[in-house]
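Each chain, written out:
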Amino acid sequence: MFTLTRADGYQISTDPDRLELDRVHRWLSTDAYWALGRDRETVGRAFAGSIGFGVYRPGDGAQVAVARVVTDRATFAWLCDVYVDPAERGRGLGTWLAGAVRDHLAELGVRRILLATADAHGVYAKVGFTPVTPERWMELDQRVNRVTGKEQNATTPLTVEA
């Protein structure tokens, strides 16, 4: 388990028992553009299969931020679901959290971390993230079939018209 305490008392922990998943679900499903409407069960399963990083406020220990890392703990990681409570923003917690995730993964030997953001490029750039080369990366996104425009799910096969 990883724990880090900042000079002002904020603490980061990967202890899964400290994660307040009901709070995380509320943040993600109601305020995070990438996870709007995500159900509580999905949030729970996602964190159960990942490394969850919680940030906790000094004094009362309330969770004020979160990040999730999907990783093989050896070569690759995907940093996702990074969220800082609006009341705590402006204190550098997002940058501190991203840097702590980077450093913890480096200790595990992970050398490549990928993330996606629509609006926080500056936060991640401060800790060394750079834009990826589009011609090198590909994706399969089954949330929406880009050919038909219809929503996909696990039981709907991807169809491509010739």
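Placed above this text is the structure.
Figured I'd write up the structure that's included with this text. The model shown is predicted, which means the values in this text are computed figures rather than measured ones. (Residues numbered from 1 in each chain as written. Predicted model: local features only at pLDDT ≥ 70, side-chain atom pairs only at ≥ 80, totals over all residues. Heavy atoms only, no water.)

1. What about the pattern of salt bridges?
For step 1, the next point in the chain: A complete count under the given rule lists twelve salt bridges for this structure.
For step 2, the next point in the chain: The salt bridge partner of Asp103 is Arg102, with a shortest N-O separation of 2.8 Å.
For step 3, the next point in the chain: Several salt bridges share partner residues, and in doing so they unite Arg57, Asp60, Glu88 and Arg91 into one network. (Salt bridge = Lys/Arg side-chain N within 4 Å of Asp/Glu carboxyl O.)

2. What about the packing of helix α1 (residues 21–31) against helix α2 (residues 40–48)?
For step 1, the next point in the chain: One can describe the packing of α1 onto α2 by two numbers: an axis separation of 10 Å at closest approach and a directional angle of 115°. Considering how the two elements wind past one another, α1 and α2 form a crossing that is right-handed. Listed contacts from α2 to Leu21, Asp22, Val24, His25 and Leu28 of α1 are Arg40, Val43, Gly44 and Phe47.
For step 2, the next point in the chain: Classifying every residue of the contact of α1 with α2 by side-chain character gives five nonpolar, two polar and two charged. (Axes fitted to C-alpha atoms, helices over the stretch in contact; angles between N-to-C directions. Helix = DSSP H or I, 4+ residues; strand = E, 2+ residues; numbered from the N terminus. Left-handed = near helix turned anticlockwise from the far one by under 90°. Contact = heavy atoms within 4.5 Å. Nonpolar A, V, L, I, M, F, W, Y, C, P; charged D, E, K, R; others polar.)

3. Observations concerning the pairing of strand β3 (residues 51–56)
For step 1, the next point in the chain: Most of β3 sits inside the fold, with six of its six residues counted as buried.
For step 2, the next point in the chain: Residues Ile51, Phe53 and Val55 of β3 are buried on one face, and the alternating residues Gly52, Gly54 and Tyr56, pointing to the opposite face, are buried as well.
For step 3, the next point in the chain: The sheet contact formed by strand β2 (residues 11–13) and β3 spans three bridges and is antiparallel. If you follow Ile12 over to β3, its bridge partner there is Val55.
For step 4, the next point in the chain: The sheet contact formed by β3 and strand β4 (residues 63–71) spans six bridges and is antiparallel. In the strand pairing of β4, Gly52 is matched with Arg68. (Buried < 20%, exposed > 50% of the residue type's maximum accessible area, 1.4 Å probe, protein only. Pairing = 2+ DSSP bridges.)

4. Looking at a nonpolar patch on the surface
For step 1, the next point in the chain: On the surface, Val70, Phe76, Trp78, Val132 and Trp137 cluster together to form a nonpolar patch covering roughly 410 Å² of accessible area.
For step 2, the next point in the chain: When you line up the elements, Trp137 lands in the segment after α4 (121–125).
For step 3, the next point in the chain: Residue Trp137 is classed as partly exposed on the basis of its relative accessible area of 34%. (Patch = residues over 30% accessible without salt bridge, like charges linked within 9 Å, V, L, I, M, F, W, Y side chains within 5 Å. Areas by Shrake-Rupley, 256 points an atom, 1.4 Å probe, with all protein chains shown as cover.)

5. Focus: the sheet that holds strand β6 (residues 112–115)
For step 1, the next point in the chain: Strand order in the open sheet formed by six strands is β1-β2-β3-β4-β5-β6, with mixed pairing between adjacent strands. Each having just a single partner strand, β1 (3–5) and β6 make up the two edges of the open sheet. Strand-to-strand twist across the sheet, computed as the mean angle between neighbouring axes with direction ignored, equals 20°.
For step 2, the next point in the chain: As judged from the four bridges shared by strand β5 (residues 76–84) and β6, these two strands associate in the parallel manner. Bridging across to β6, Phe76 finds its partner in Arg112.
For step 3, the next point in the chain: With respect to the sheet, α1 is in contact with β4 and β5, its orientation differing from that of β4 by roughly 80°.
For step 4, the next point in the chain: Together, β3, β4 and β5 form the strand contacts of α2, whose direction differs from that of β4 by roughly 60°.

6. Focus: the packing of aromatic side chains
For step 1, the next point in the chain: Under the counting rule described, the total for this entry stands at four aromatic pairs.
For step 2, the next point in the chain: Geometrically, the ring pair formed by Trp27 and Tyr83 is stacked, given 5.2 Å between the ring centres and 25° between the ring planes. Remark: Tyr83 occurs in strand β5 and Trp27 occurs in helix α1; sequence separation between them is 56 residues.
For step 3, the next point in the chain: Residue classification places Trp27 among the buried residues on the basis of a relative accessible area of 5%.
For step 4, the next point in the chain: Note on Tyr124 and Phe129: the rings are 5.8 Å apart at their centroids and 75° apart in plane angle, and the pair reads as edge-to-face.
For step 5, the next point in the chain: On the accessibility criterion, Phe129 (17% relative accessible area) is buried.
For step 6, the next point in the chain: Positioned over the ring face of Trp96 is Arg6, at 5.2 Å from the centre of the ring.
For step 7, the next point in the chain: Geometry around Tyr83 places Arg89 over its ring, the cationic atom sitting 5.1 Å from the centre. (Phe/Tyr/Trp six-rings, centres within 6.5 Å; stacked < 30°, edge-to-face > 60°. Lys NZ or Arg CZ within 6 Å of the ring centre and 35° of its normal.)

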